[in-house]
Amino acid sequence: MGKPVILYIMNYDNCEHEYMELQSQFHQERMLEPTEPHGGGYLLVDDNQAEEPVAFRCIDGAVEYALDELSLEHFSIYKLTKVM
């Protein structure tokens, strides 16, 4: 009598789905984080000049950072077209 054979069946669809969800979450979080100034990005500037300007990949990240992290009341956000 031979040894029993155990087969493991993985559902790659679930793994791929989870991976895509994680990738999407990572991308969304990355878009909201401060970054280096770059063309097409946004620059958050404190109108009272108490804080240094901070660059972001998307305007939502700049607004969220200004209101939540820095508690700024007066700020401007500029779209960067070209960084030299």
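Starting from 1, residues in each chain are numbered consecutively following that chain's sequence as written. Local features in this predicted model are restricted to residues whose pLDDT is 70 or higher, and side-chain atom pairs enter the listing and the counts only when it is 80 or higher, whereas totals over whole chains, interfaces and linings include all residues. Think of the side-chain values as coming from all heavy atoms in the structure, minus any hydrogens and water.

### Details of the sheet that holds strand β1 (residues 34–35)
Stated formally: By this definition, two strands are paired if DSSP reports at least two bridges between them. In this text, helices come from DSSP runs of H or I with a minimum length of four residues, and strands from runs of E with a minimum of two, each type numbered from the N-terminal end. Should any heavy atoms of two residues lie within 4.5 Å, those residues are counted as being in contact. Helix axes use the C-alpha atoms of the stretch in contact, all axes being lines fitted to C-alpha atoms, and the angles between their N-to-C directions lie in the range 0 to 180 degrees.
Here 4 strands make up an open sheet; going across it, the order is β1-β3-β2-β4 and the pairing antiparallel. Of all strands in the sheet, those bounded by a partner on one side alone are β1 and β4 (75–79). Sheet analysis places strand β2 (residues 42–46) next to strand β3 (residues 54–56), joined by 3 bridges and oriented antiparallel. Within β3, the residue paired with Leu 44 across the bridge is Val 54. Across the face of the sheet, helix α2 (residues 59–69) comes into contact with β1, β2, β3 and β4 while running at roughly 165 degrees to β4.

### Looking at the side chain of Asp 46
Keep this limit in mind: Only protein chains enter the accessibility calculation, which uses a 1.4 Å probe; a residue is then buried when its area is under 20% of its type maximum, exposed when over 50%, and partly exposed in between. In this count, Lys and Arg are taken as positive residues and Asp and Glu as negative ones, while His and the chain termini are left out. We count a salt bridge whenever a side-chain nitrogen from Lys or Arg sits within 4 Å of a carboxyl oxygen from Asp or Glu. As used in this structure description, the phrase polar contact means that two N or O atoms lie within 3.5 Å; if the pair is within protein, one of them must be able to donate a hydrogen and the other to accept it, and residues adjacent in sequence are counted only when both atoms belong to side chains.
Position of Asp 46 relative to the elements: it lies in strand β2. Arg 57 provides the closest opposite charge to the buried, salt-bridge-free Asp 46, at an N-O distance of 22 Å. Engagement of the side chain of Asp 46 in a polar contact is seen with the backbone nitrogen of Glu 51, the distance being 3.1 Å. Not counting residues within four places of it along the chain, the set of residues in contact with Asp 46 comprises Glu 51, Leu 72 and His 74.

### A short note on the pairing of β2
With 4 of its 5 residues buried, β2 lies for the most part within the structure. Across 5 bridges, the pairing between β2 and β4 is antiparallel. Across the sheet, Leu 43 pairs through a bridge with Tyr 78, a residue of β4.

### Some details on the side chain of Ser 76
Considering the arrangement of structural elements, one finds Ser 76 in strand β4. Polar side-chain contacts of Ser 76 include one of 2.8 Å to the side chain of Asp 47. In contact with Ser 76, other than residues within four places in its own chain, are Leu 43, Leu 44, Val 45 and Asp 47.

### Some remarks on the environment of Glu 64
Assignment of secondary structure puts Glu 64 in helix α2. With 31 residues separating them along the chain, Glu 64 and Glu 33 place their C-alpha atoms 9.6 Å apart. For Glu 64, the residues in contact, after removing those within four places along its chain, are Leu 32 and Glu 69.

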